[in-house]
Amino acid sequence: MGLLTGSASLTRFSVVGELPASFWDVASQRIAAMSFRDIDDTMDEYSIGWVSVADMFDAGFAYSSYAAGDYIALTMRVDERKVAPAVLKKFVMKEEERIKREKQIPRLARAARMEIKERVRAELIRNAPAVPATYDLCWNLADSTLLFFSTSKKAMALLEDLFKETFNLSLILQIPWLTGQHMAEGEALDHYEAMRPAILL
């Protein structure tokens, strides 16, 4: 589930750091530099970058389609070629048996088996389609909060790295207490220190 769906799971982050004076110009350059690069016609195994929330194939962002008032809406796209361990093992064993029959030997040396495994893996990877995954985000520039439409720890780790590399800003996960502190005003904010979460040993 993502930003444009009827329901979604999400994680809230605080964005830490100062925005540059000419933020939108910098953002345009950095988003373009870190936009997604397709690997379907390459030998690459992995690609990560930004695409439009409306179209996972749009990495050009015509008319700055990621910008909406004080918000930035982007999708982090990750494409990866994978070979299941069981599939790799099957084809490696098959190739080992073929070579043993061809050379009429009872077993292969360790170096030969390693070479076969690497060669078979490279061939399987080359023929495997890249599997895409997309994760939407909405960044509120006015209050420095970011909603990430996933609860996957792996996806959150990827987001933190890509966001830092793109904008030179850090993300801090907002636990409910921090979210409440961010929303509190006046006297409620003054009392927040007294309600700091306890660490249970």
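This text goes with the structure placed above it.
Residues numbered from 1 in each chain as written. Predicted model: local features only at pLDDT ≥ 70, side-chain atom pairs only at ≥ 80, totals over all residues. Heavy atoms only, no water.

A. Looking closely at the packing of aromatic side chains. As enumerated under the stated definition, the model contains seven aromatic pairs in all. An angle of 75° between the planes, with centres 5.6 Å apart, marks the rings of phenylalanine 61 and tyrosine 66 as edge-to-face. For the pair shown, phenylalanine 61 and tyrosine 66 are each scored as buried. Considering the side-chain rings of tryptophan 139 and phenylalanine 167, the 5.0 Å spacing of their centres and the 70° angle between planes classify their relative orientation as edge-to-face. Residue tryptophan 139 is located in strand β5 (residues 131-140), and its partner phenylalanine 167 is located in helix α4 (residues 153-167); the two are separated by 28 residues in the primary sequence. One exposure class covers both tryptophan 139 and phenylalanine 167, and it is buried. (Phe/Tyr/Trp six-rings, centres within 6.5 Å; stacked < 30°, edge-to-face > 60°. Buried < 20%, exposed > 50% of the residue type's maximum accessible area, 1.4 Å probe, protein only. Helix = DSSP H or I, 4+ residues; strand = E, 2+ residues; numbered from the N terminus.)

B. Summary view of the pattern of salt bridges. One pass over the structure, following the stated rule, counts eight salt bridges. A salt bridge links arginine 121 to glutamate 45; the nearest nitrogen and oxygen atoms lie 3.1 Å apart. Placement of arginine 121 in helix α3 (residues 110-127) and of glutamate 45 in the loop between α1 (23-33) and β2 (46-51) is noted, with a sequence separation of 76 residues between them. Look at arginine 121 and you get partly exposed, because its relative accessible area is 31%. When the shortest N-O distance is used, the salt bridge between glutamate 95 and arginine 98 registers 2.7 Å. Of the two residues, glutamate 95 and arginine 98 both sit in helix α2 (residues 85-103), three residues apart, roughly one turn of that helix. A cluster of three or more residues bridged by salt bridges with shared partners is formed by Glu95, Arg98, Glu102, Glu115 and Arg119. (Salt bridge = Lys/Arg side-chain N within 4 Å of Asp/Glu carboxyl O.)

C. Quick peek at unusual backbone geometry. Positive phi values are uncommon outside glycine, yet glutamine 104 reaches one of about 55°. Within the fold, glutamine 104 resides in the loop between α2 and α3. The class of glutamine 104 is exposed, set by a relative accessible area of 72%.

D. The packing of α2 against α3, seen in detail. Packing of α2 against α3 brings their axes to within 9 Å, and their N-to-C directions diverge by 125°. When the axes of α2 and α3 are compared, the pair comes out oblique. Pair α2 / α3 crosses with right-handed handedness. Each of Val87, Leu88, Phe91, Val92, Glu95, Glu96 and Ile99 in α2 lies in contact with α3, whose residues at this interface are Arg113, Ile116, Lys117, Arg119, Val120, Arg121 and Leu124. Across the contact of α2 with α3, the residue classes break down as eight nonpolar, no polar and six charged. (Axes fitted to C-alpha atoms, helices over the stretch in contact; angles between N-to-C directions. Parallel < 35°, antiparallel > 145°, perpendicular 65-115°, else oblique. Left-handed = near helix turned anticlockwise from the far one by under 90°. Contact = heavy atoms within 4.5 Å. Nonpolar A, V, L, I, M, F, W, Y, C, P; charged D, E, K, R; others polar.)

E. Structural context of α1. Phe23, Ala27 and Ile31 are the residues of α1 that are buried. End-on, the buried residues of α1 take up no more than an arc of 55°, which puts them together on one face. Every exposed residue of α1 that faces more than 90 degrees away from the buried side is listed here: Asp25 and Gln29. (Arc of directions from axis to C-beta.)

F. Spotlight on the side chain of asparagine 140. Following the sequence through the fold, asparagine 140 ends up in strand β5. Separated by 3.3 Å, the side chains of asparagine 140 and aspartate 143 make a polar contact. Residues within four places of asparagine 140 in sequence aside, it is in contact with Asp70, Tyr71 and Thr145. (Polar contact = N/O pair within 3.5 Å; in protein donor to acceptor, adjacent residues only side chain to side chain.)

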